[in-house]
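Residue-level structure breakdown
Below are the chains, spelled out letter by letter.
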Amino acid sequence: LRMIYYSPSDLLEQILKQQSISSHIASMLASTDYKIVISALQMAEILMKKLPQIFSVYFYREGVVHQIEILIGFGISSMTRSSTS
């Protein structure tokens, strides 16, 4: 029996490649519950720090980047509205 050893980064990559984690994070970012949105942002940040070569592509493809752009736009527009009131 031959044992194959993976580094933690390799193991994380193998597990996440089989899951649709990017689309799951994108749907979490579209939530109206701020706790879910913050959790999604934290997961996205961790994945980009650990495996940027993979998730930079998946996050564009699965809509994570788009959802973050929407959140940024919403924050700016709501701040503008409240300051002009």
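Since the structure is predicted, the reported quantities are computational estimates derived from the model, not experimental observations. (Residues numbered from 1 in each chain as written. Predicted model: local features only at pLDDT ≥ 70, side-chain atom pairs only at ≥ 80, totals over all residues. Heavy atoms only, no water.)

Considerations on the nonpolar core
The criterion, for reference: For this analysis, a nonpolar core means a set of buried residues of the types Ala, Val, Leu, Ile, Met, Phe, Trp, Tyr and Cys, connected via side-chain atoms within 4.5 Å. For each residue, the accessible area found with a 1.4 Å probe, counting protein chains only, is set against the maximum for its type, and the residue is called buried under 20%, exposed over 50%, and partly exposed in between. Numbering goes from the N terminus for both helices and strands, where a helix is a DSSP run of H or I of at least four residues and a strand is a run of E of at least two. The criterion used for residue contact is that any of the two residues' heavy atoms lie within 4.5 Å.
Ile25, Leu29, Leu47, Phe55, Phe59 and Val64 are the most contacted members of the largest nonpolar core, which has 15 residues in total. By residue number, the principal contributor to this core is helix α2 (residues 21–29), which donates five residues. Setting aside chain neighbours within four positions, we find Leu29 in contact with Val37, Ala40, Leu41, Val64, Gln67, Ile68 and Leu71.

Here's the deal with the pattern of salt bridges
Here is the rule we go by: Here a salt bridge means any side-chain nitrogen of Lys or Arg lying within 4 Å of a carboxyl oxygen belonging to Asp or Glu.
Here the structure, examined in full by the defined rule, presents one salt bridge. Note that Lys49 and Glu45 form a salt bridge whose closest N and O atoms lie 3.3 Å from each other. Separated by four residues within a single helix, Lys49 and Glu45 lie in helix α3 (residues 34–50), roughly one turn from each other. A residue is classified by how much of its surface remains accessible, and Glu45, at 44% relative accessible area, is partly exposed.

Details of the packing of aromatic side chains
This is how the line gets drawn: Stacked, tilted and edge-to-face are the three classes assigned to paired rings of Phe, Tyr and Trp, where Trp is represented by its six-membered ring and a pair needs centres within 6.5 Å; plane angles under 30 degrees give stacked, over 60 edge-to-face, the rest tilted.
Throughout the structure, instances matching the rule amount to two aromatic pairs. Residues Phe55 and Tyr58 carry aromatic rings whose centres are separated by 5.9 Å and whose planes lie at 75° to one another, so their mutual orientation is edge-to-face. You can see Phe55 and its partner Tyr58 sitting in helix α4 (residues 52–61), three residues apart, about one turn around the helix. Taking relative accessible area as the criterion, Phe55 reaches 1% and is therefore assigned buried. Ring geometry for Phe55 against Phe59: centres 5.4 Å apart, planes inclined by 50°, an arrangement best described as tilted. Here Phe55 and its partner Phe59 are both found in helix α4, four residues apart, which amounts to about one turn of the helix. This pair shows no difference in class: Phe55 is buried, exactly as Phe59 is. Chaining the aromatic ring pairs together yields one cluster made of Phe55, Tyr58 and Phe59.

Comments concerning α3
Worth spelling out the cut-off: Take the residue count of a helix, subtract one, and multiply by 1.5 Å to get its expected span. Within this analysis, the arc is defined by the directions that extend from the helix axis to the C-beta atoms. Whenever two N or O atoms come within 3.5 Å, that pair is a polar contact, provided that in protein one can donate a hydrogen and the other can accept it, and provided that, for residues adjacent in sequence, both atoms are side-chain atoms.
With 17 residues, α3 should cover 24 Å at 1.5 Å per step; its first-to-last C-alpha distance of 24 Å lies within 8% of that length. Of all the residues in α3, the buried ones are Val37, Ala40, Ala44 and Leu47. Along the long axis of α3, the arc covered by the buried residues comes to 95°, so they all point the same way. Exposed positions of α3 whose direction lies more than 90 degrees from the buried face are Tyr34, Lys35, Lys49 and Lys50. N-cap assignment for α3: the residue whose side-chain oxygen lies 3.0 Å from the backbone N of Lys35 is Asp33.

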